[in-house]
Amino acid sequence: MSTVTGVAALLSRQLREIQKSKDLSGVSCGLISDANMFEWEIMLMISDDCKYYGGGNFRARLTFPPDYPLMPPSLTFQSPGIPFHPNVYPDGRLCISILHPPEEDQYGYEKASERWSPVQTPETILVSVLSLFHDLSDESPANVEAGKLLREEREGKHKEFRKAVRKSVRESLGED
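Residues numbered from 1 in each chain as written. Predicted model: local features only at pLDDT ≥ 70, side-chain atom pairs only at ≥ 80, totals over all residues. Heavy atoms only, no water.

Q: Go over the side chain of His 85, please, and point to the residues and values.
A: Secondary-structure assignment places His 85 in the loop between strand 4 (74–77) and helix 2 (122–134). Relative accessible area serves as the criterion here: at 1%, His 85 is assigned to the buried category. From its side chain, His 85 meets the backbone oxygen of Leu 132 in a polar contact 2.9 Å long. Setting aside residues no more than four positions away along its own chain, His 85 makes contact with Tyr 53, Leu 132, Phe 133, Leu 136, Asn 143 and Ala 146. (Helix = DSSP H or I, 4+ residues; strand = E, 2+ residues; numbered from the N terminus. Buried < 20%, exposed > 50% of the residue type's maximum accessible area, 1.4 Å probe, protein only. Polar contact = N/O pair within 3.5 Å; in protein donor to acceptor, adjacent residues only side chain to side chain. Contact = heavy atoms within 4.5 Å.)

The following block contains the structure:
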């Protein structure tokens, strides 16, 4: 069995496990094309109890490299409705430590233990992504504007962050 075939078999098993899982509420996964096990379509349905993103339905693409699980996949949110979030670049790419390659951080910001390791699975990635919607951080933001507005809102200056987030939630629902 070739390495690519072995990776495809692993991904097929992991996808089936997620689809059968009762522990991962608010997530729907499937293949973009039955001919390609390396690209998944994800729907994240954010629970109403989430302070900023509650009720949002965010579509994303999870793309696995041929050398998975040694190297991490990438996750990119799709238009319309890319979340306005400090960890999401304006083009939809997600920035989260566990999806960074398993090497030393050249900037010294992340420990190697916070980065990708082959023990991670698509399920652990999705759990981490869901937690980002509930536990926002304005430190080292991928989306500088979102990080700045979140910080200012927390300081009581205005509610521009909340307004931008609600707009992205409405777009995710096809309302804008």
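Moving on from the model shown.
Q: Quick one: what's the story with the sheet that holds strand 1 (residues 27–33), residue by residue and with numbers?
A: Reading across from one edge, 1-2-3-4 is the order of the four strands in this open sheet, with antiparallel pairing throughout. Whereas interior strands pair on both sides, the edge strands pair on one side only; in this sheet they are strand 1 and strand 4. Direction aside, neighbouring strands of the sheet carry axes that sit 30 degrees apart on average. With six bridges connecting them, strand 1 and strand 2 (residues 36–45) associate as antiparallel partners. Across the sheet, the residue bridging to Cys 29 is Ile 42, located in strand 2. Here helix 2 sits on the sheet and contacts strand 1, strand 2, strand 3 (57–63) and strand 4; the angle it forms with strand 2, its principal contact strand, is near 30 degrees. (Pairing = 2+ DSSP bridges. Axes fitted to C-alpha atoms, helices over the stretch in contact; angles between N-to-C directions.)

Q: Quick rundown of the packing of helix 3 (residues 144–154) against helix 4 (residues 160–172)? Include the residues and the values.
A: Their axes nearest at 7 Å, the elements helix 3 and helix 4 cross at an angle of 130 degrees. The angle between the axes of helix 3 and helix 4 places the two elements in the oblique class. Contacts between helix 3 and helix 4 involve Ala 146, Leu 149, Leu 150 and Glu 153 on the former and, on the latter, Glu 160, Phe 161 and Arg 162. Grouping the constituent residues of the contact of helix 3 with helix 4 by class yields four nonpolar, no polar and three charged. (Parallel < 35°, antiparallel > 145°, perpendicular 65-115°, else oblique. Nonpolar A, V, L, I, M, F, W, Y, C, P; charged D, E, K, R; others polar.)

Q: An account of the pairing of strand 4 is requested, with residue identities and associated values reported.
A: Burial along strand 4 is one-sided: the residues Leu 75 and Phe 77 are buried and none of Ser 74 and Thr 76 is. Across four bridges, strand 3 lies against strand 4 in antiparallel orientation. Bridging across to strand 4, Arg 61 finds its partner in Thr 76.

Q: So, the side chain of Gln 120: which residues are in play, and what are the values?
A: With respect to the helices and strands, the residue Gln 120 is situated in the loop between strand 4 and helix 2. There is a polar contact of 2.7 Å between the side chain of Gln 120 and the side chain of Thr 124. Setting aside residues no more than four positions away along its own chain, Gln 120 makes contact with Tyr 68 and Ile 98.

Q: Can you break down the pattern of salt bridges residue by residue, with the values?
A: Throughout the structure, instances matching the rule amount to 10 salt bridges. In this structure, Glu 160 engages Lys 163 in a salt bridge whose closest nitrogen and oxygen atoms are separated by 3.3 Å. Placement of the pair is Glu 160 and Lys 163 together in helix 4, with a separation of three residues, close to one helical turn. On the basis of relative accessibility, which here comes to 36%, the residue Glu 160 falls in the partly exposed class. Using a relative accessible area of 52% as the deciding quantity, one classes Lys 163 as exposed. Residues Glu 171 and Lys 167 are paired through a salt bridge, measuring 2.5 Å at the closest nitrogen-oxygen approach. Residue Glu 171 and its partner Lys 167 are located together in helix 4, separated by four residues, close to a single helical turn. Residue Lys 167 is classed as partly exposed on the basis of its relative accessible area, which comes to 39%. Salt bridges here are not isolated pairs; linked through shared partners, they connect Asp 138, Arg 151 and Arg 154. (Salt bridge = Lys/Arg side-chain N within 4 Å of Asp/Glu carboxyl O.)

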